[in-house]
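Each chain, letter by letter, is given below.
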Amino acid sequence: MKFKRFDVLIVGTGISGIYAALNLSPDLKILMLSKRELTLCNSALAQGGVAAVMDPSNDDYELHIKDTLIAGQYKNNLDNVKILVQQGPKDVERLVEKYGVDFDRNEDGSLALTLEGGHSRRRIAHHKDTTGFEIETSLIEQVQKLTNVTVINNSVLCRLERSDEMFFADVIVDNVEGGKKDHEYYCADSVILATGGIGRVYDFTTNSAIATGDGIQLAYNLGAEIKNLSYIQFHPTAFADKKNRECFLISEAVRGEGAYLLNCNKERFMPRYEPERKELAPRDVVSNCIMEEQKATGSDEFWLDISHKDTDFIKNRFPMIYNKVLEKGYDMTKESIPIYPCQHYLMGGINVDGKGATNIAGLYAAGECSHTGVHGANRLASNSLLEALVFSRLIAEDINAHKKTDVRTEVDYPMSAPDGKPLPHGIRTEVRHIMQKAYFVHPNYGEAEKGLQRITELKEQLDNSGYAITPEFVETKSLVTCAYIILKEVMERKNEK
Ligand SMILES: Cc1cc2nc3c(=O)[nH]c(=O)nc-3n(C[C@H](O)[C@H](O)[C@H](O)COP(=O)(O)OP(=O)(O)OC[C@H]3O[C@@H](n4cnc5c(N)ncnc54)[C@H](O)[C@@H]3O)c2cc1C
C-alpha cells in the first residue's frame, strides 16, 4: 500500500498542535489533522486565561513554581515545572508580538492580570472570558498562511503504526461534497500527538466532543508509556444542568473576582473548610469541600454568587458567561447561579521528557494528551495553556534540530485492510456510566473494581473482534482503553495505600 510522505504529522489543531506547527522550520513538509472543524476543541473553550509571570514588579518565578507545586500536591516533575514557569512568559509575549493575540489591558497599556484559585499573585493574562478562542483563532489565521503546512479538517487518525524508519497513518477523511468517508494513507518521520483530553469518558464533562483520548490509545498501542491517567481534575463550578452532557463551565476567574460558594441553604461554607484560601483554594480542594458539604446537608444543590459586585463590571469582565447563564434563566448580576463539580481536565497522559519526546523515537506528545508532570496530581488554574505553548515549542525545536533529508513523496508499507464487521451500539454509553459511578471527585472502589472487570471485557472485545475501522470504532476503542488504564491505576493506588 502506498503512503503519502510528510516530514512531520501533527494530530490535532488545538493550541498545542498549531503552536508546534508555527515553530517548526519552514522547510519541513507538515501535515495537520483535525478530527472535526478547526475550532471544535478544548482550546477554543478556555475561558480564564494563561498563567505566567508577566509583572515581575509584583511576582516572581519562585512564587509561580511554589503555587504550582502546592496545587499539584508536590507530585509534580520539578525540572519541567521550572521549564514551564521560566520559559512561559516568552511564549505569552510571542503570542502578542508575533501572532497578534489581544489580551485585556489596563488603562496604562500594561496587561490586565487576573487571579484564580491557588495563585498567590494576579498573573493570568486573559481576553475577557474567551481567552482560548482568541488565542486559537489568532494562531489558526497564522498557520493558514504557511505554504509548508497542509491542514485537513474532518480527518480522523484511526491507526498509527511504526516501521524501523517512520510512522504510517490510516486517516478517515470526510469527503463532505461526496457525502462519504474515505481512507487516506500518510507517513511521516516524526509524529506530534496533540489530541487533547479524555472528558468524553464521563457522563458529565466541560470538554468538547473531540475529547475521546484517541492519541492516548494510539500511543498506548504503539508501546508508549502512559502515566498518571487517574489524575483527573473535577472542576468545582460547572453550571448544574443534568440535561446536558457537555457542561458549561463557570470560570474560576469568577471566584477570583470575588464570587462566593453557597450551599442549599444559601450559606457560604468554604471559610469553614478553608479559613485562609476560602473559595480560592485549588480546584481539587474546593470540589472535595463541595462533596463534604453535600454529605453534611444531604443536598446536591450548590450556588455561586457574584451579585454583590458592580453590574457593569460583571457584564464587561464575563460577557460570555453572563449571556450563557442568562439564556439558562439566571441573571448573575442579580442572583446566584446553580453549580456542581464536573470532569474538566486530565493531568496524566502520554509520558514525555523535557522536550516533549515519548519513549518511542520520533513520537512526541503535547498539550492535554501528554504527561509532562508539570501539574502533579492537580493542575493549577490556567497552567495548561502555558504548558501547551511551552512544550509544543520545545518539541518543534527538537524536531528542527534533528531534521533529515528525504525526498521521497510516497513510501510502501503493508497495512492491513480496514474492513470488518460493524460495531455494536451502546458501548460508549456503558463506559460513561461506569466511569461516572466508579470515579467522580473520589474513587468508589467497589464500583471501580466491578467497572474494571467489565471494561477489561470490552477492551478484549474491541481488540480482538475484527470490527471495521471507522471513526466511531476508534473513538469507542479510545474511550474503553482510557477507562481501562484509569481504573487499573485507581485500583493499584488503592492497593498501594
Ligand atoms: C471549558 C474549558 C475551559 C478551560 N479554561 C482554561 C483556561 O482558562 N486556562 C487554561 O490554561 N486551560 C483551560 N482549559 C484547558 C485547556 O483549554 C486545554 O487543556 C488545552 O486547550 C488543550 O489543548 P490541546 O491542544 O492539547 O487540545 P485541544 O485543544 O482539545 O485539541 C485537540 C485536537 O486534537 C484533534 N483530534 C483528537 N483526536 C483526533 C484524531 N483521532 N484524529 C485527528 N484529530 C484528532 C481535535 O480535532 C483537536 O483539533 C479549559 C478547558 C475547558 C474544557
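For every chain, the first residue of its written sequence is number 1, and the numbers climb from 1 along that sequence. pLDDT decides what is reported in this predicted model: residues at 70 or higher carry local features, side-chain atom pairs at 80 or more are listed and counted, and totals for whole chains, interfaces and linings draw on all residues regardless. Side-chain descriptors were evaluated using all non-hydrogen atoms of the structure, hydrogens and water having been removed beforehand.

S.K.: Quick one: what's the story with the packing of helix α1 (residues 15-23) against helix α5 (residues 131-143), residue by residue and with numbers?
M.R.: Helix axes are fitted to C-alpha atoms over the stretch in contact, other axes to C-alpha atoms as well, and angles between N-to-C directions run from 0 to 180 degrees. Segments assigned H or I by DSSP are reported as helices when at least four residues long, segments assigned E as strands when at least two residues long, and all are numbered from the N terminus. Interhelical geometry of α1 versus α5 gives an angle of 35° and a closest axis separation of 10 Å. Relative to α5, α1 is oriented so that their crossing is left-handed. Where α1 approaches α5, its residues I15, I18, Y19, A21 and L22 are matched on the opposing element by G132, I135, E136, L139, I140, Q142 and V143. Among the residues forming the contact of α1 with α5, the class breakdown is nine nonpolar, two polar and one charged. Each crossing is labelled by how the near helix is turned from the far one, with a counterclockwise turn of less than a right angle marking it left-handed and a clockwise turn marking it right-handed. In this analysis, two residues are considered to be in contact whenever any of their non-hydrogen atoms come within 4.5 Å of each other. Gly is put with the polar residues, along with every residue not named as nonpolar or charged; the nonpolar set is Ala, Val, Leu, Ile, Met, Phe, Trp, Tyr, Cys and Pro, and the charged set is Asp, Glu, Lys and Arg.

S.K.: Please set out the packing of aromatic side chains residue by residue, giving values where relevant.
M.R.: For Phe, Tyr and Trp, where Trp contributes only its six-membered ring, two rings pair if their centres lie within 6.5 Å, and the inter-plane angle classes them as stacked under 30 degrees, edge-to-face over 60, or tilted in between. Counted according to the given criterion, the structure contains 16 aromatic pairs. Here the aromatic rings of F302 and Y340 are separated by 6.5 Å at their centres, their planes lie at 40°, and the arrangement is tilted. Taken as a pair, F302 in strand β13 (residues 302-305) and Y340 in strand β14 (residues 337-346) lie far apart in primary sequence, 38 residues in all. Exposure is judged per residue with a 1.4 Å probe applied to protein chains only, and the accessible area is read against the type maximum: over 50% gives exposed, under 20% gives buried, and values in between give partly exposed. Relative accessible area serves as the criterion here: at 1%, F302 is assigned to the buried category. Their ring planes at 50° and their centres at 6.2 Å tell us that Y467 and F473 sit as a pair that is tilted. Judged by its relative accessible area of 6%, F473 is buried. Geometry around W303 places K266 over its ring, the cationic atom sitting 4.1 Å from the centre. To sit over a ring, a charge needs its Lys NZ or Arg CZ within 6 Å of the ring centre and within 35 degrees of the ring normal.

S.K.: Lay out the site of the ligand with the relevant residues and their values.
M.R.: Any residue with a non-hydrogen atom lying within 4 Å of a molecule or strand is treated as near it. In the vicinity of the ligand there are 38 residues, among which S16, S43, G48, E368 and S384 approach most closely. Any N or O atom pair separated by 3.5 Å or less is treated as a polar contact, with the protein-specific requirement of one donor-capable and one acceptor-capable atom, and with residues adjacent in sequence counted only for side-chain atom pairs. One of the backbone N or O atoms of K35 is found 2.9 Å from an oxygen atom in the ligand. A distance of 3.3 Å separates an oxygen atom of the ligand from a polar atom in the backbone of A194. Burial of the ligand by the surrounding chains reaches 98%, relative to a free accessible area of 1,000 Å². Sorting the residues of the shell around the ligand by element identifies α1, α2 (42-45), β7 (155-162), β14 and α12 (383-401) as the ones contributing at least two each. Residue classes in the shell around the ligand are distributed as 13 nonpolar, 20 polar and five charged. All accessibility values rest on the Shrake-Rupley procedure with a 1.4 Å probe; residue burial counts only the protein chains present in the view.

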